[in-house]
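Residue-level listing of the chains:
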Amino acid sequence: MEGERVRLLDDLALGGASVGASVGASVGADGPPAGFLLLGAGVEGTVVRVTGELPPPEEVREYERLRALFEDYGHTMPAESLRRLEAQLAELEPSWRAYGELGPRSSVRVRFDNGFVLDDADAALFAAA
């Protein structure tokens, strides 16, 4: 994937940077906004590097944790606790299945043609250009 030309699939809004409320304020202190950046869908760039695998979503991690609990200790649980655990697993299972179909996701560093660099972005935000 490194060196591949990619295109941003959806608009991407980046913001949240702020300047200190007063001179001498600590870095990252909440103050007036310093700026906002919107990258429009379709902007193209080049993958500089694949920076790593993204962790699974919280719902997937929770499903895996509860599933392990069920498999290891379900046979020893009181009936009501077991029913609650089964209900939680049933609620989280669609997220777990969807994640399994997509597989693990990776993060990428992309240098756009306009010179902007986006680091640790979900590779799913991009398509081959």
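For the structure, check the block above.
The sections below set out a description of the structure shown in this document. Worth saying up front: this structure is predicted, and the values here are computed from it rather than measured.

### A look at the overall build of the protein
Broken down by element type, the protein carries two helices and seven strands. Sequence-ordered secondary structure for the protein, helices as α and strands as β, is β-β-β-β-α-α-β-β-β. Long-range contacts, defined as pairs at least 24 residues apart, comprise 66% of the intrachain contacts of the protein with a sequence gap of at least 6. Accessible surface, the protein as shown: approximately 8,400 Å² in total, 54% of it carbon and sulfur.

### A short note on the sheet that holds strand 5 (residues 106-112)
With antiparallel pairing, the five strands of this open sheet are ordered in space as 6-5-4-1-7. Single-partner strands in this sheet number two, and they are strand 6 (117-122) and strand 7 (126-128). Taking each pair of neighbouring strands and ignoring which way they run, the sheet shows an average axis angle of 45 degrees. Sheet topology places strand 1 (residues 5-8) next to strand 4 (residues 44-53); three bridges connect them, and they run antiparallel. Counted as the bridge partner of Arg-7 is Glu-44 from strand 4.

### Brief notes about the packing of aromatic side chains
Centre distance and the angle of the planes are the two values used to describe a pair of aromatic rings. Per the stated rule, a full pass over the model turns up three aromatic pairs. Taking the centre distance of 6.1 Å and the plane angle of 40 degrees together, the rings of Phe-112 and Phe-126 count as tilted. In this pair, Phe-112 sits in strand 5 while Phe-126 sits in strand 7, placing the two residues 14 residues apart along the sequence. Here the aromatic cluster, defined as three or more aromatic residues joined through ring pairs, consists of Phe-112, Phe-116 and Phe-126.

### Digging into unusual backbone geometry
Located in the positive-phi region is Asp-120, a residue other than glycine, with phi close to 55 degrees. Tracing the backbone through its elements, the reader meets Asp-120 in strand 6.

### Points about the pattern of salt bridges
Under the defined criterion, the tally for this structure stands at nine salt bridges. Note that Glu-93 and Arg-97 form a salt bridge whose closest N and O atoms lie 2.6 Å from each other. Pair noted here: Glu-93 and Arg-97 are both in helix 2 (residues 79-102), with a separation of four residues, about one helical turn. Between Asp-122 and Arg-105 there is a salt bridge whose closest N-O contact spans 3.0 Å. Residue Asp-122 is found in strand 6, and its partner Arg-105 is found in the loop between helix 2 and strand 5; the two are separated by 17 residues along the sequence. The class of Asp-122 is buried, set by a relative accessible area of 17%.

### Description of the pairing of strand 4
The pairing of strand 4 with strand 5 spans seven bridges and is antiparallel. Across the sheet, residue Gly-52 finds its bridge partner in strand 5, namely Ser-107.

Rules behind the numbers
Residues numbered from 1 in each chain as written. Predicted model: local features only at pLDDT ≥ 70, side-chain atom pairs only at ≥ 80, totals over all residues. Heavy atoms only, no water. Helix = DSSP H or I, 4+ residues; strand = E, 2+ residues; numbered from the N terminus. Contact = heavy atoms within 4.5 Å. Areas by Shrake-Rupley, 256 points an atom, 1.4 Å probe, with all protein chains shown as cover. Pairing = 2+ DSSP bridges. Axes fitted to C-alpha atoms, helices over the stretch in contact; angles between N-to-C directions. Phe/Tyr/Trp six-rings, centres within 6.5 Å; stacked < 30°, edge-to-face > 60°. Salt bridge = Lys/Arg side-chain N within 4 Å of Asp/Glu carboxyl O. Buried < 20%, exposed > 50% of the residue type's maximum accessible area, 1.4 Å probe, protein only.

Keep in mind these numbers describe shape, not what the thing actually does.
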